[in-house]
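Given next are the chains, with one letter for each unit.
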Amino acid sequence: MKLMTLLLGAGATLALAPAAMAERGADGHVNVIYSQAPSILNPYLSSGTKDIEAASLIIEPLIRYDETGQILPWLVEEVPTLENGGVSEDLTTITYKIKPGLKWSDGTDFTAEDAVFTAEYCMHPEGGCAQLAKFEGVASVTAPDPLTVVVTFEAPKPFPYGPFSGGQSPIIQKAQFADCLGARAPECTDANFMPIGTGGFKVDEFRPNDVITLSANPEYRDPAKPAFATMTFKGGGDAAAAARAVLETGEFDYAWNTQLAPEVLEEMMKGGKGTLVNAFGTLVERIEINMTDPSPDLPEGERSTAMHPHPILSDIRVRTALSKAIDRQLLSDIGYGEAGRPTCNLVPAPAMFASTDNTGCIPQDMEGAKALLDEAGWTDTDGDGVRDKDGMKFSMVYQTSTNAVRQDFQAIIKQWWEELGVEVELKNVDGSVFFGGDPGSPDTFQKFYADVEMYANNFDGTDPESYLAMYTCDKAPKPETQWQGENINRFCDPAYDALVAELGQTGELEKRGEIARKLNDMLTKESMVIIPLVDRGRLSAHANTLGGVVLNTWDSELWNAADWYRIK
Amino acid sequence: MTDTNLVTAAAPAEAPSNQWRDVWRQFRSHRGAMLGLIVFAAILGSVILGPFIWSMDATFVDMRARNQGPSGAHPLGTDQLGRDMLARLMAGGKVSIAVGMTAMGLSIFLGTVIGISAGFFRRLDGVLMRLTDLFLALPLLPLLLVMVMLFREPLSKRFGPETGIFLLIVVAIGVTSWMQTARIVRGEVLALKEREFVLAARSIGTSPFKMIVRHILPNVLSPIMVSATLGIASAIITESALSFLGLGFPPDFPTWGRLLFDAVDQIQLYPMRVILPGIAISLTVLSVNYIGDGLRDALDPRIRGR
């Protein structure tokens, strides 16, 4: 009896297979593993990447970014710009036209009122919305008709694509969340755990910090998608276990963030079940140079402040020499393998903001570096292998956070610098202290009680304005500001500040790109205050049988999960 | 009667009886202790003399020789940056053993002084034992964090980064690990104090200092020895933990603990890199423990000669 049913079932599947190719749910089941488990499916109540990405399967924004950082119309007909009139001339309003005929997964119509409600939900004064930054400067959101959303800003906004964009700011259903405004937001467990959305999948069961069971959204706008009828989204474990489950054992189809040592991944790849995909965002591992004197001889409060310029590193020739001595390609290969590439840029992406001609630092040039130091007056007069000048030794403290890859980088770079005749003392600080920002600790990266330090940083979204604005004179950490501030190098150039101000008033994207590239060059190749090392990408793994995966660092990695299919 | 006794005592042709010779004879009869002594001497020898024979620089990065297995050029292979493992093990051992021995010495000294004072002088007992309780209750890592934060820079400036950190770590481990020794010693002293020979010594007017040095100390030597050997082990391990947290030696400075932690990520691919420093630590700790065991037996006059 049982065998009979099985055979019948198999026969039926075979007969139906050709017809089912372009049908929703034809490819059965897909398994996704995240090494961190989602605890909520409402990105407005959590800033965790795991939560935002899991939620992006279900709820969607009006516009989102593709894998190159370009803005795509998602639930709207086109991206509003100055040219097509969607953004007003005075840069204070932006008007979205929603695609007609969109439905929520419960069968009701998706209207502009839902977007208005979403803004109200996040901007509610009593609610601690995790994505409030996306709504910064928004005066009001209105819906003149069911398919039009108008966002009005308090002041001209050169980059108005904050609200309703990307995985961090999706539209939630007004009917479902109407009673969950303000302080009551966290109490709506059902809505937060099982939001109704417009995305390719809907939640069947949500177990916080464990597993989400999803099925295809019957109301999805493309009748042929998603190809998978059901999805299991497993959370927890660690990156190594997730990578192994996809690459070596084939239990899962997609694993998020499998950043492991290149050799370890290579070993897993021998399992032959999966492939690694990588994509590059804006995360750059760099060495920051202290433009001020961190000497412990100075009284507390004057150390590492603009009062005392750095006795050695204030000379651009010295900084350039330090950069020239580094072989970035080697560092990238050793530390990050496929998920890294050498860079000379602070802003390596998106394409329109990335300076393309800034590649001069990539080849290592030891002789050039030595010549530069000789020219700057640093020579080894006493023959002890360390360069000196006016009785001062070229000796530096090089600090970073505790992390296996960073310690390897320190050892390698130290050797190169010692070859130059520079004495280097290495120091590593526990990450929670180093990045902790405690003004009482001498070991924070802001306080910078070292000559050079290494870490990585990136920016949210695709617009680098606020990122580049970190390096203006007034943002230097100093005792008066409790050592808070983003201008870690204490770089100060009035021309730079003026250009940042200009960027803040420029609306055209072309022009913005031009200014951003100039700012990037001023910090890197023109002054060498920042020595970029490696452009660090995101590395994920998918099974060889899973098709349609496009890794996207500008938005949720699962942004196109509705397009995934099974390769047969 | 007395005469005959004198004659028999003088009869052996050997030199007059010497306490340390007896100790050594007893020690030699302890097979484990002898083995431990040989192993420890071998480790010490290779760590101290080894670098003169195998003169490769332990911190030299050679990118062309990354992740190599054992070969003529690198008998124990190389690590992920092409640094020679044999040289690193020897350099690491020098630091680890030096830290372990010195920190142990300090902690034993503190523990013995405090334990004996507390046990012997009733007036000091309350104060010193409350101090011991206080130290026991202190969370070790945050305390070390504060010490490193306060003293790291002045010390590295005064003595150079390596010696400065060495002093700091030795003192940090020493002053945070004497409490067990102090308690054990106090307990022993309290019991000894009531014994007849102490009473006898006191009755003939022995001064407290003489009493401690002549009668008490030799009798508490065995528990001190045992806690000393255990102390070396825990000092080596604490140093490893400190290095891992970034509070220890500079990151390019090899110690056994750091070698171990550096290699943990690669344990599946290159298990030797974890096993080698692991074996080195275990062998050192084990051999020191056996030496301590043998010493305790040898130093105890009640066991000696049996």
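Residues numbered from 1 in each chain as written. Chains lettered and ligands numbered in written order. Predicted model: local features only at pLDDT ≥ 70, side-chain atom pairs only at ≥ 80, totals over all residues. Heavy atoms only, no water.

Visitor: Which residues make up the overall build of chain B, and what values go with them?
Guide: Along chain B, the regular secondary structure elements total twelve helices and zero strands. Overall, chain B shows an N-to-C arrangement of helices and strands of α-α-α-α-α-α-α-α-α-α-α-α. Projected onto its principal axes, the C-alpha coordinates of chain B cover approximately 85 × 50 × 35 Å. Relative to its full complement of 306 residues, chain B shows a buried share of 43%. Put simply, 68% of the contacts in chain B that link residues at least 6 apart link residues at least 24 apart. Carbon together with sulfur atoms contributes 68% to the accessible area of chain B, which is approximately 16,100 Å² in total. Mean positive and mean negative side-chain charge positions of chain B (28 and 21 charges, respectively) differ by 5 Å. (Helix = DSSP H or I, 4+ residues; strand = E, 2+ residues; numbered from the N terminus. Buried < 20%, exposed > 50% of the residue type's maximum accessible area, 1.4 Å probe, protein only. Contact = heavy atoms within 4.5 Å. Areas by Shrake-Rupley, 256 points an atom, 1.4 Å probe, with all protein chains shown as cover. Lys, Arg positive; Asp, Glu negative; His and termini not counted. Charge placed at Lys NZ, Arg CZ, Asp CG, Glu CD.)

Visitor: So, the side chain of A:Thr92: which residues are in play, and what are the values?
Guide: All names here are of chain A. Inspection of the secondary structure puts Thr92 in the loop between β3 (71-73) and β4 (93-97). You can call Thr92 buried: its relative accessible area is 14%. Within polar-contact distance, the side chain of Thr92 engages the side chain of Asp90 at 2.9 Å. If sequence neighbours within four positions are ignored, Thr92 has contacts with Val151, Thr152, Phe153, Ala155 and Pro156. (Polar contact = N/O pair within 3.5 Å; in protein donor to acceptor, adjacent residues only side chain to side chain.)

Visitor: A description of the state of the cysteines should follow, citing residues and the corresponding values.
Guide: Every disulfide links exactly two cysteines, by a covalent bond between their sulfur atoms. All names here are of chain A. This structure, assessed with the given rule, holds four disulfides over all chains. Shown here is the disulfide that connects Cys122 with Cys129, its sulfur atoms set 2.0 Å apart. Negative torsions about the S-S bond denote left-handed disulfides, and the value of about -85 degrees found for Cys122 with Cys129 makes this one left-handed. Cys129 sits in the buried class, given a relative accessible area of 13%. Across the disulfide, Cys473 is cross-linked to Cys492 (sulfur-sulfur distance 2.0 Å). The sign of the S-S torsion, about 100 degrees, decides the handedness of the disulfide formed by Cys473 and Cys492: right-handed. Taken together, the positions of Cys473 in the loop between α13 (465-468) and α14 (494-503) and Cys492 in the loop between α13 and α14 put the pair 19 residues apart, joining distant regions of the chain. For Cys473, a relative accessible area of 21% puts it in the partly exposed group. Judged by its relative accessible area of 52%, Cys492 falls in the exposed class. Within chain A, bonded cysteines paired by disulfides and numbered along the sequence follow the pattern 1-2, 3-4, 5-6, 7-8. (Disulfide = S-S within 2.5 Å.)

Visitor: Provide a residue-level description of the interface of chain A and chain B, including the pertinent values.
Guide: Quoted interface sizes are often the accessible area lost when the parts come together. Between chain A and chain B, the residue contacts involve 27 residues of the former and 26 residues of the latter. Carbon and sulfur atoms supply 54% of the area buried between chain A and chain B, which totals about 2,200 Å² over both sides. Contact with chain B buries area across many residues of chain A, yet A:Glu263, A:Gln415 and A:Asn428 alone supply 23% of it, more than any other trio. Summed over the shared surface of chain A and chain B, the number is one salt bridge. Between B:Arg66 and A:Glu263 there is a salt bridge, and its shortest N-O distance comes to 3.9 Å. (Buried area = accessible area lost by both parts, 1.4 Å probe. Salt bridge = Lys/Arg side-chain N within 4 Å of Asp/Glu carboxyl O.)

Visitor: Any details on the confidence of the model for chain B? Residues and values, ideally.
Guide: On average, residues of chain B score 83 in pLDDT, and 92% of them reach the 70 mark or higher. Confidence metrics for the complex model read pTM 0.75 and ipTM 0.70. (pLDDT = per-residue confidence, 0-100.)

Visitor: So what about the sheet that holds strand β6 (residues 148-153) of chain A? Which residues, and what values?
Guide: Backbone hydrogen bonds are what pair the strands of a sheet, in a parallel or an antiparallel way. All names here are of chain A. Taken in spatial order, the three strands of this open sheet run β4-β6-β5, and their pairing is antiparallel. Of all the strands in the sheet, just β4 and β5 (138-142) have a single pairing partner and so form its edges. For this sheet the average axis-to-axis angle between neighbouring strands, irrespective of direction, equals 15 degrees. Against the sheet, helix α3 (residues 112-123) contacts β5 and β6, and its axis sits at roughly 150 degrees relative to β5. (Pairing = 2+ DSSP bridges. Axes fitted to C-alpha atoms, helices over the stretch in contact; angles between N-to-C directions.)

Visitor: So what about the pattern of salt bridges? Which residues, and what values?
Guide: Where charged atoms from two side chains of opposite charge approach closely, those side chains can pair. If you walk through the whole model with that rule in mind, you get 41 salt bridges over all chains. The partner of A:Asp443 in a salt bridge is A:Lys427, and the shortest N-O contact between them spans 2.9 Å. Of the two residues, A:Asp443 sits in the loop between α12 (431-434) and β17 (452-457) while A:Lys427 sits in strand β16 (residues 423-429), which places them 16 residues apart along the sequence. Accessibility classification places A:Asp443 together with A:Lys427 in one group, the buried group. Of the charged contacts, one joins B:Arg186 and B:Asp125 as a salt bridge, the two residues approaching to 2.7 Å between their closest N and O atoms. Of this pair, B:Arg186 sits in helix α8 (residues 179-193) while B:Asp125 is found in helix α5 (residues 122-137), placing the two residues 61 residues apart along the sequence. Of the residues examined, B:Arg186 reaches a relative accessible area of 22% and is grouped as partly exposed. A residue is classified by how much of its surface remains accessible, and B:Asp125, at 16% relative accessible area, is buried. Put simply, A:Glu205, A:Arg207, A:Asp210 and A:Lys234 are held in one network by salt bridges that share partners.

Visitor: Describe the domain arrangement of chain A, and please don't skip the residues or the numbers.
Guide: Residues and elements named next belong to chain A. Each assigned domain of chain A is listed with its residue range as follows: domain 1 (40-205) and domain 2 (281-536). A separation of 38 Å is found between the C-alpha centroids of domain 1 and domain 2. Opposite the seven residues of domain 1 that make contact, domain 2 presents eight residues. Area buried by domain 1 at its contact with domain 2 is led by Tyr65, Pro158 and Phe159, which between them contribute 58% of it. Taken together, the links from domain 1 to domain 2 amount to zero salt bridges. (Domains from an automatic or database assignment.)

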